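Topology and contacts: notes
Here are the chains, one letter per residue:
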Amino acid sequence: MTTQRYTAPDVSVIVITYNDAARLPRAVRSVLSQTLKNLEVIIVDDCSGDDTPAVARALTEEDGRVRYVRLPANSGGCGAPRNAGMDASRSPFLMFLDSDDELPRHACKSLLLEAETTGADFVMGTVERVDEATGAVTLWYPQLFAERRVVDGIRAEPELLFNCLATNKLYRRTFLDVTGIRFPEDIHHEDIVWSTELFCRSKLFAIVPWPVYRWLLAATPATRSISSRRHELENVRQRVAAAVLSDRVLASTHSLDLKEDKDFRFLSHDLRLYLGDLPQRDPAWISEFADIVIPYVDTLDPAAIERLTRAERVCVQLVRERRGAEAALAAVELGGRHSIPPRTVTADGERVFWGATLPGGEQGRSELDVTELHLAEQPLSGALLRHELVDLQASRDEIRLRLRTYDPGRVLDGRTLTAWLRIGGRKRAIASIPVQMAPVVIEAPGEREKQAPRGLEGQWDPEEPERPRIPRMPGAPPEGTGILEGTVSISLPDLDWPDNAVRPQAVTISLHEGERRSIRPLLAIPGLSFTSVGTVGPAGPAGPAGSGRLVLEASADIPFRLTARRLGPAAGRRLPNVADLWRDLLSDLATPRNLGRFYRLVSATVPVNRRLVLFESAEGTGYTGNPRYVHEELQRRATGLRAVWSHADVPERFPEDVDLVRRDTFRYAWTLARAGHWVDSHNLPYCYRKRGSTRYLQTWHGQVLKKMGLDEPRHRAQPSLARKYAEAVARWDVLLTPGPDFRRDFAEASGFRGELLHAGYPRTDVLVRHMEPAQRERARRVREFFEIPAGKRVILYAPTYRDSRRFSGDSIRLDLPALAGVLPPDWVILVRAHQYDRFAVPDPLGWLVRDASAFPEVNDLMLASDVLVTDYSSIMFDYACLGRPILYYVDDYERYASTQRGVCFDLAEVAPGPLLRAPEELAGALDGLAEITERYGRRYAEFRDRWCGLDDGQASGRVVDAFFPEVVR
């Protein structure tokens, strides 16, 4: 007789449940379908009163790996069922799963392999948060799981205390048994205490960067988990109780050195969750909330509070001072990417404080001091304005909004403005409606407001040449808030709402003064909600099939948002006209392959027009670079040539008198095929093979420091890409060279075998002639456009992009907030991000930093600046023509030079300015600019001789003479 040997499962997954019979099977089956088959599922029922027992028993019968444990009485939390599951498990490793969530298919196997490989006490991974209403997926604290690694105890990375979940980890059973870690059973949020003890007792744990848990956010409020019930004050009490127990864990494990980090986690995570909801809470709730949290907050390490953001510190302090209504207003700032200012501020000497009254005590003065916002020094683009929706009326076909704008910095005083209300995202507006704002006069701080006339209430004609001018507020003290009001009507029949709209649409207010603008969110007053049902389409409800009915809904979301849904099977779907259909068809057909075929067809049937010149600069993104100045030289000579510029869907960046053709269209291919000359600064699309009778001038766009052409890492690593590049280079007839090094570092590196035109760069002509009145005027217009105060000096910060991190913002290496704290006060920074990267001014640094990335002409920025800060960008060579200081911020130089792009020469040996690696070093260099200029004078002269020798202000003429000899006069 033989006895079958029992094989223990590798992993026990403990699924806890309470009155969740409907969702329990989904959770259990996500475990049973794991790629790791040798596991067990332990369902622990916290004495449910629904059909959970029957469902659980059916699951045990369905698969022998499922076991069922039912507690004799409901514990009221998650601690007791999890402990019961631990006691029942039979595996060397275990995990926890809530019945309303799921495990990704490879979670168990991947975590087990990592645990066995590393010997870690536990392994944790990424959490996916899934909104069941919309299907949207976000990652929970993704920065914690960005890299796969083994950590030698929590002190090596104390920020991991933010991972206070029990469910995204695989635990080694022997570690839990030896340490005796158990879940507290008499409170909610028990996983905060569990995780704190786990980290304090573990000497080795591992992290993986892939998803190991799916946290499903229920669409129905009645089925939301404990962690989602933040509106319940008992939920607040329980979370504070968990924090108190965590403090006891720190003491019992001799880990009080971690208290600052644990307190910071409580403030910026646990407490922050409730603070963000304050705009939706009534005064009584906020008052009781303060009673619960203030005694505990007062015990926290002051250093932890200092680590909070300014907005968080303001909110915490207002709660501590029992200023609940103001705390709710301040909490709006926590909800989005914009920094939201107070409605009012109070000045005391040179300091400015949040609110209409001065704070009490030194601590209050410290936390509510908003002097650092520089409210009165912001330009329009960075102005800290507060747009609020203060009243709303809805009828069958129309919604009327009353808006109020608070301007605590008084930056709008004396401006001539137009205002627009916009519904929709950045790329597509569902509606953009003009609004006329009128001032509300304040006689003195604290006194009642007097409302001025509200203007034309949304009927203002945007084409009217007379623009409303915002007067300086009469009778208001210097620190008094400027207030504007306006009313706007939204016509439902005119809304072009997408048929498949699911997500709420943002509502923003845009203020314009000429080309300057400010875009800020519209905030809703607490308690606001409405539903409006109206017609869609001008035909009305009795019209043809293209009309229908629209339900427009809103709530007090911060910021304010609108949601729409349509009534009827095809309600509101408008039939597109023939022009729209034709445009969409051409757009769909305009693939590189089809455009290339069309180009070849035109080339075979239509002759070349020798009088036609196609200009393109920076892949169509602007009227700039060498092609611009070649074009202007041709215009100056009145050659009779017809110039056409390509644009990449940004026609507003080009002069109005320039003929344009949109890039990557059939008309673009037609123009290329017919043009007798191509003048380009980058590389025209690879799908166009140049005709033999067409001449191609490649001006390129800079001298060379970084590896270029076939020497680029991407071309060395991808032979097919290198072949395409070589074919593109073979089209060039003439390559413009700015200096002798360019032949070796670019022409030869690109495999170019054609004619080299040693003429210098046309784009530097205006820089060489920077002392002329015309160039001085260009500089003045830049300073005016960016609202740079008189007497301020200008830093132009222009780094290049990082190849593997395009459009990530990674090239902006300089820590601007840190620099703001140490920079001498007489500077303003213009940031020029590369076209392959992105940048947004850190809010609220608009008083110091301006985003010049989209400014059409970089030469004008250079003319307006006093010093250049760059890294490896070719702008350094052009800027040397000005003779002004150049500083290098190169904190990643070794990595960039060796393992990223690579360089043609050692920058440290030839740079005409110092190489800096920290904001403090840069601030010191700017403070001592005169000494640096003298110290680097000889090297600067050598740098100019080597790379700017051909730049004499006449390069444009030489290029036209050489490339267009038939038109020289």
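Residues numbered from 1 in each chain as written. Predicted model: local features only at pLDDT ≥ 70, side-chain atom pairs only at ≥ 80, totals over all residues. Heavy atoms only, no water.

Right, let's talk about the overall build of the chain for a bit. When you go through the chain residue by residue, the secondary structure sums to 31 helices and 36 strands. The long-range share in the chain, meaning contacts at least 24 apart out of those at least 6 apart in sequence, stands at 72%. If you sum the accessible surface of the chain, you get close to 41700 Å²; carbon and sulfur atoms cover 51% of it. (Helix = DSSP H or I, 4+ residues; strand = E, 2+ residues; numbered from the N terminus. Contact = heavy atoms within 4.5 Å. Areas by Shrake-Rupley, 256 points an atom, 1.4 Å probe, with all protein chains shown as cover.)

This paragraph deals with unusual backbone geometry. The backbone of Cys47 shows a phi angle near 55°, a positive value even though the residue is not glycine. One non-glycine residue, Arg410, lies in positive phi territory at about 60°. With respect to the secondary-structure elements, Arg410 resides in the loop between strand E13 (398–407) and strand E14 (418–424).

On to the sheet that holds strand E25 (residues 642–647), then. Strands sit in the order E26-E25-E24-E27-E28-E29-E30 across an open sheet of seven strands; the sheet is parallel. Edge positions in the sheet fall to strand E26 (659–662) and strand E30 (755–758), since each of these pairs with one other strand and no more. Here the average twist between neighbouring strands, direction ignored, is 25°. Set on the sheet, helix H31 (residues 955–963) makes contact with strand E27 (675–680), strand E28 (695–698), strand E29 (734–737) and E30; between it and E28 the angle comes to about 155°. (Pairing = 2+ DSSP bridges. Axes fitted to C-alpha atoms, helices over the stretch in contact; angles between N-to-C directions.)

On the surface, a cluster of positive charge is made up of Arg593, Arg597, Arg600 and Arg689. Its place among the elements puts Arg593 in helix H15 (residues 592–605). (Patch = residues over 30% accessible without salt bridge, like charges linked within 9 Å, V, L, I, M, F, W, Y side chains within 5 Å. Salt bridge = Lys/Arg side-chain N within 4 Å of Asp/Glu carboxyl O. Lys, Arg positive; Asp, Glu negative; His and termini not counted. Charge placed at Lys NZ, Arg CZ, Asp CG, Glu CD.)

Let us look at the packing of helix H16 (residues 625–637) against H31. As a packed pair, H16 and H31 sit with axes 9 Å apart at the nearest point and diverge in direction by 75°. It follows that H16 is roughly perpendicular to H31 by the angle criterion. Along its contact with H16, which presents Tyr629, Val630, Glu633, Leu634 and Arg637, the element H31 presents Ser956, Gly957, Val959, Val960 and Asp961. (Parallel < 35°, antiparallel > 145°, perpendicular 65-115°, else oblique.)

Right, let's talk about the nonpolar core for a bit. Core analysis: the biggest nonpolar cluster contains 113 residues, and Trp194, Leu278 and Phe289 have the highest contact counts within it. The element that contributes the greatest number of residues to this core is helix H9 (residues 283–297), accounting for nine residues. With sequence-adjacent residues up to four places away left out, Phe289 is seen in contact with Leu233, Val236, Leu271, Tyr274, Leu275, Leu278 and Val319. Ranked by size, the runner-up nonpolar core spans 52 residues in total, among them Leu595, Trp645, Leu672 and Tyr696. (Core = buried A, V, L, I, M, F, W, Y, C linked by side-chain atoms within 4.5 Å. Buried < 20%, exposed > 50% of the residue type's maximum accessible area, 1.4 Å probe, protein only.)

This brings us to empty space enclosed by the protein. For the structure shown, the criterion picks out four cavities of 30 Å³ or more. Of the voids in this model, the second largest cavity is the one considered here, and its volume is about 40 Å³. The wall of the second largest cavity is formed by Leu271, Leu275, Phe289, Val293, Ile294, Val297, Val316, Val319 and Arg320. Those elements that place two or more of their residues in the lining of the second largest cavity are helix H8 (259–275), H9 and helix H11 (310–320). The leading source of residues in the lining of the second largest cavity is H9, at four residues. A per-class count over the lining of the second largest cavity returns eight nonpolar, no polar and one charged. (1 Å grid on protein atoms, 1.4 Å probe; cavity = no way out; pocket = protein on both sides within 12 Å on 5 of 7 lines; lining within 4 Å. Points joined across faces, edges and corners; volume = space filled by probe spheres on them. Nonpolar A, V, L, I, M, F, W, Y, C, P; charged D, E, K, R; others polar.)

Scanning the model with the defined rule gives 75 salt bridges in all. As a salt-bridge pair, Arg310 and Glu372 come within 4.0 Å of each other at their nearest N and O atoms. Note that Arg310 is positioned in helix H11 and Glu372 in the loop between helix H13 (361–367) and strand E12 (386–394), a separation of 62 residues in sequence. For Glu372, a relative accessible area of 43% puts it in the partly exposed group. Across the salt bridge formed by Arg628 and Glu857, the nearest N and O atoms sit 2.7 Å from each other. In this pair, Arg628 is assigned in helix H16 and Glu857 in the loop between strand E33 (849–851) and helix H24 (858–864), connecting sequence segments 229 residues apart. With a relative accessible area of 14%, Arg628 lands in the buried category.

Inspection of the secondary structure assignment puts His188 in the loop between helix H5 (173–179) and helix H6 (190–201). One polar contact links the side chain of His188 to the main-chain carbonyl oxygen of Gly76, over a distance of 2.5 Å. (Polar contact = N/O pair within 3.5 Å; in protein donor to acceptor, adjacent residues only side chain to side chain.)

Further remarks concern the pairing of strand E11 (residues 351–354). One ladder, built from four bridges, connects strand E10 (residues 345–348) with E11; its direction is antiparallel. Within E11, the residue paired with Thr346 across the bridge is Phe353. Where E10 folds back on E11, the antiparallel hairpin that results is connected by two residues, among which Gly349 adopts a positive phi of roughly 70°.

Attention shifts here to the pairing of strand E3 (residues 66–70). Here strand E2 (residues 39–45) runs beside E3; their pairing, made up of five bridges, is parallel. Paired with Ile42 across the two strands is Arg67, which belongs to E3. This β-α-β element, E2 to helix H2 (residues 52–62) to E3, shows right-handed connectivity. (Right-handed = clockwise from strand over helix to strand, strands pointing away.)

A separate point is the packing of H8 against H9. Two numbers describe how H8 lies on H9: the axes approach to 12 Å, and their chain directions differ by 170°. Between H8 and H9, the angle is such that the two are roughly antiparallel. Within the contact between the two elements, H8 uses Lys262, Asp263, Phe266, Leu271, Tyr274 and Leu275 and H9 uses Phe289, Val293, Tyr296 and Val297. Counted by class, the contact of H8 with H9 contains eight nonpolar, no polar and two charged residues.

Quick look at the side chain of Glu190 now. Mapped onto the elements, Glu190 comes out in helix H6. Residue contacts for Glu190: discarding those within four places in its chain leaves Cys78, Gly79, Arg82, Phe183 and Pro184.

What follows is about helix H28 (residues 919–927). For H28, the set of buried residues is Pro919, Leu922, Ala923, Ala925 and Leu926. Taken around the axis of H28, the buried residues stretch over an arc of 160°, which confines them to a single face. (Arc of directions from axis to C-beta.)

Its twelve residues give helix H4 (residues 107–118) an end-to-end C-alpha distance of 17 Å, which sits within 8% of 16 Å, the value for a rise of 1.5 Å per residue. Among the structural elements, strand E1 (11–17), E2, strand E4 (93–98), strand E5 (122–131), strand E8 (169–172) and strand E9 (205–217) are those in contact with the buried residues of H4. Phi turns positive, to about 75°, at Gly119, one or two residues after H4. (Expected span 1.5 Å × (residues − 1).)

Right, let's get into the packing of aromatic side chains. Counted according to the given criterion, the structure contains 39 aromatic pairs. On the basis of an interplanar angle of 75° and a centroid distance of 5.9 Å, the ring pair of Tyr668 and Tyr688 is categorised as edge-to-face. Of this pair, Tyr668 sits in helix H17 (residues 666–674) while Tyr688 sits in the loop between E27 and E28, placing them 20 residues apart in sequence. Aromatic pair Phe785 and Phe786: ring centres 4.9 Å apart, planes at 85°, arrangement edge-to-face. Chaining the aromatic ring pairs together yields one cluster made of Phe96, Phe122, Tyr171, Phe183, Trp194, Phe199 and Phe205. A cation over an aromatic ring shows up here: Arg129 above the ring of Trp215, its NZ or CZ 4.6 Å from the ring centre. The positively charged end of Arg806 is found above the aromatic ring belonging to Tyr836, 4.4 Å away from the centroid. (Phe/Tyr/Trp six-rings, centres within 6.5 Å; stacked < 30°, edge-to-face > 60°. Lys NZ or Arg CZ within 6 Å of the ring centre and 35° of its normal.)

This part takes up the confidence of the model for the chain. Low-pLDDT portions of the prediction should not be read for the details of their coordinates. Averaged over every residue, the pLDDT of the chain is 87; the share at 70 or more is 88%. The model gives residues 471–478 a pLDDT under 50, and that stretch makes 22 contacts with residues more than four places away or in other chains. Note on residues 569–573: pLDDT under 50 across the span, and 14 contacts to partners over four residues away in sequence or across chains. (pLDDT = per-residue confidence, 0-100.)

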